[in-house]
Structure formats: structure tokens, C-alpha cells
Amino acid sequence: NNKLEEKRMSKVVHQLKENELKEIEELFEKKIALENLLKIITQEEDEARYQKLLADYGKQCRLFQEWWDRMNQTYSWGQGNFYVDFHEAQVIAQ
């Protein structure tokens, strides 16, 4: 019921082109993978690897945010909360 209500309140703001979808999918997958690694590799266990992961994660988050900023600037979505529906290749405003 909540999903149906969410869908009604959501609005498609952009149909992603193939290259845009591929880029955000890769950024998202890498970001999630690094988040998962950070959950299992502790600083106490392996300081050097942990610091490298942290740096990589920071870079990935920056690239992820830059994609959103670039797309918003290109397509003028304005302010708000957006997410990607990967299945439909759409950017949705909530």
C-alpha cells in the first residue's frame, strides 16, 4: 500500500539515456561495494587497507554526487529529492 502511495506521489523528471544509466549504475554499485567492505574491514584489523577504503569511498561519494549535480544542471530538475529507477531507466522526484 505504501509503495503504491509513493508511486502516485512520485514524478518522472527524466528518462535516462543509455550512457547516463550505465554511468550511474557503475557509480552506485561501486559505492555500495565500498560501503559493504567498510562494514567488514575494521581499522584495528588492517589500518592501511581501511584508510585506502575510506579514501576510495570518499572519492566514490564525490563522483556519485557530481553525477547528480551534472545531471541536474543539464536537465534543470530543480531542488528536491531524486532517485534512479534502474529498471525503468528514469530519474524520479519524490
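Residues numbered from 1 in each chain as written. Predicted model: local features only at pLDDT ≥ 70, side-chain atom pairs only at ≥ 80, totals over all residues. Heavy atoms only, no water.

Examining the packing of helix 2 (residues 18-40) against helix 3 (residues 47-75)
Phase 1: Where helix 2 contacts helix 3, the two axes come as close as 9 Å, and the packing angle between them is 150 degrees. Compared by their axis directions, helix 2 and helix 3 come out roughly antiparallel. With respect to the hand of their crossing, helix 2 and helix 3 are arranged in left-handed fashion.
Phase 2: Residues that form the contact of helix 2 with helix 3 fall into these classes: 17 nonpolar, one polar and eight charged. (Axes fitted to C-alpha atoms, helices over the stretch in contact; angles between N-to-C directions. Helix = DSSP H or I, 4+ residues; strand = E, 2+ residues; numbered from the N terminus. Parallel < 35°, antiparallel > 145°, perpendicular 65-115°, else oblique. Left-handed = near helix turned anticlockwise from the far one by under 90°. Nonpolar A, V, L, I, M, F, W, Y, C, P; charged D, E, K, R; others polar.)

Digging into helix 2
Helical periodicity: at 3.6 residues per turn, an α-helix aligns residues three or four positions apart in one direction.
Phase 1: Counted at 1.5 Å a residue, the expected span for helix 2 with its 23 residues is 33 Å, and the 33 Å between its end C-alpha atoms agrees.
Phase 2: Within helix 2, the full set of buried residues consists of Glu20, Leu21, Ile24, Leu27, Lys31, Leu34 and Leu38. (Expected span 1.5 Å × (residues − 1). Buried < 20%, exposed > 50% of the residue type's maximum accessible area, 1.4 Å probe, protein only.)

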